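# Notes for the structure review
Next come the chains, spelled out residue by residue.
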Amino acid sequence: QVHLVESGGGLVQAGGSLRLSCAASGNSFDINVSAWYRQVSGKQRELVAHITTDGSTTYADSVRGRFTISRDNAKTVYLQMNSLKPEDTGVYYCYAPIRGINYWGKGTLVTVSS
């Protein structure tokens, strides 16, 4: 069984920063947390940032230059969010695909006030 737990969300004013963390646990030896997604109420979940095993990163156009995804190891991934905007408000989820199964955390709420 694999579990992903996000933390670090909260309420912040526009222009502020937050750092999200994702910690994975479980018996699978090939856990590899690889991405952050977010979901705004009434909309589909969207990819925010992705990191490969060799550290290459990609970002959604809306966050490029403001957000940074990083990792300590395959089980711990971060999302540094700077210059936050009200439209960044949403529930942020970390994601790990393992042998054809998609694992998600329960999400952490980020609210950016104007």
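Quick look at the structure, then. (Residues numbered from 1 in each chain as written. Predicted model: local features only at pLDDT ≥ 70, side-chain atom pairs only at ≥ 80, totals over all residues. Heavy atoms only, no water.)

## Here's the deal with the packing of aromatic side chains
What describes a pair of aromatic rings is the distance from one ring centre to the other and the angle between the planes of the rings. Counted only if it meets this: When two rings of Phe, Tyr or Trp (its six-membered ring) have centres within 6.5 Å they constitute a pair, described as stacked for plane angles under 30 degrees, edge-to-face for angles over 60, and tilted for the intermediate range. In this description a helix means any DSSP run of H or I spanning at least four residues, a strand means any run of E spanning at least two, and both kinds are numbered starting from the N terminus. Each residue gets one of three labels from its accessible area relative to the maximum for its type: buried under 20%, exposed over 50%, partly exposed in between, using a 1.4 Å probe on protein chains only. A positively charged side chain is recorded as over a ring if its NZ (Lys) or CZ (Arg) lies within 6 Å of the ring centre. The angle to the ring normal must also be within 35 degrees.
Taken as a whole and assessed by the stated rule, the structure comprises three aromatic pairs. With a centroid separation of 5.6 Å and 70° between ring planes, the pair formed by Tyr37 and Tyr95 is classed as edge-to-face. Here Tyr37 is found in strand β4 (residues 35-39), whereas its partner Tyr95 is found in strand β9 (residues 90-98), with 58 residues between them in sequence. Each member of the pair, Tyr37 together with Tyr95, is buried. Relative to Trp104, the ring of Tyr95 has its centre 4.8 Å away and its plane inclined at 45°; by these criteria the two rings are tilted. In this structure Tyr95 comes out as buried when scored by relative accessible area, which is 14%. Within the aromatic cluster, the residues linked to one another by ring pairs are Tyr37, Tyr95 and Trp104. The ring of Tyr78 carries Arg19 above its face, with NZ or CZ at 3.9 Å from the centroid. A cation sits over an aromatic face here: Arg45 above Tyr93, 3.7 Å from the ring centre.

## Section: the environment of Tyr37
Let me state the cut-off plainly: For this analysis, residues touch if any pair of their heavy atoms sits within 4.5 Å.
For the pair formed by Tyr37 and Cys94, sequence separation is 57 residues and the distance between their alpha carbons is 6.2 Å. In this structure, Tyr37 is in contact with Arg45, Glu46, Leu47, Val48, Val91, Tyr92, Tyr93, Tyr95 and Trp104, ignoring residues within four places of it in sequence.

## Section: the side chain of Glu6
Where we set the bar: Here a polar contact means two N or O atoms within 3.5 Å. Within protein one must be a hydrogen donor candidate and the other an acceptor candidate, and residues neighboring in sequence count only if both atoms are side-chain atoms.
Relative to the helices and strands, Glu6 is located in strand β1 (residues 2-7). A polar contact is formed between the side chain of Glu6 and the backbone nitrogen of Gly107, at a distance of 2.8 Å. Leaving out residues up to four positions away in the same chain, Glu6 has contacts with Ser21, Cys22, Trp36, Tyr92, Tyr93, Cys94, Gly105, Lys106, Gly107 and Thr108.

## A closer look at the environment of Asn102
Among the secondary structure elements, Asn102 is positioned in strand β10 (residues 101-104). Note: C-alpha distance between Asn102 and Asp30 (72 residues apart in sequence) is 13 Å. Here the side chain of Asn102 touches Tyr95 through a polar contact of 2.7 Å, side chain to side chain.

Limitation: the analysis is restricted to geometry and does not speak to function.
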